[in-house]
Amino acid sequence: MATTMQRVRFTFLDHMIKQPVIYRMGHDFDVVTNIRRADVQEGVGWVILEVEGELEEIERGLDWVRSLGVRVDPALGDLIEP
């Protein structure tokens, strides 16, 4: 099957900021994650993330992230390109 890449924005509330969500997503699902931009402050944090893999596996991983209470949105613009 063909691989694809999606850019998403995770928004973490205070109880999830210190959890290894991105590590676990890459470890537990057959996807490669690449953090493109992030900001963490007291009580809230967000990450712009590239996720690469088969579409079905990406969706399974993103569904799992949502089940933890992390908001997942498409990432539009605001990326630092090399």
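Our subject is the structure that appears above.
Let us look at the structure shown here. Quick caveat: nothing in here was measured; it's all calculated off a predicted structure. (Residues numbered from 1 in each chain as written. Predicted model: local features only at pLDDT ≥ 70, side-chain atom pairs only at ≥ 80, totals over all residues. Heavy atoms only, no water.)

### Description of the sheet that holds strand 4 (residues 71–74)
Spatially, four strands are ordered 2-3-1-4 in an open sheet, and the strand pairing comes out antiparallel. Two strands bound the open sheet, and with one partner strand each, they are strand 2 (31–41) and strand 4. Going from strand to strand, the sheet's axes swing by 25° on average, the running direction of each strand aside. In the sheet, strand 1 (residues 4–13) pairs with strand 4 via four bridges, with the strands oriented antiparallel. When the bridges of strand 4 are listed, Phe 10 appears paired with Val 72. Most of the contacts of helix 2 (residues 55–67) go to strand 1, to which it runs at about 5°, and overall it touches strand 1, strand 2, strand 3 (44–53) and strand 4. (Pairing = 2+ DSSP bridges. Helix = DSSP H or I, 4+ residues; strand = E, 2+ residues; numbered from the N terminus. Axes fitted to C-alpha atoms, helices over the stretch in contact; angles between N-to-C directions. Contact = heavy atoms within 4.5 Å.)

### Structural notes on the packing of helix 1 (residues 21–28) against helix 2
Helix packing for two helices is described by the angle between their axes and how far apart those axes are. At a minimum axis distance of 10 Å, the contact between helix 1 and helix 2 shows a crossing angle of 145°. Remark: the crossing between helix 1 and helix 2 carries right-handed chirality. Only Ile 58, Gly 61, Leu 62, Trp 64 and Val 65 of helix 2 make contact with helix 1, whose side of the interface consists of Val 21, Arg 24 and Met 25. (Left-handed = near helix turned anticlockwise from the far one by under 90°.)

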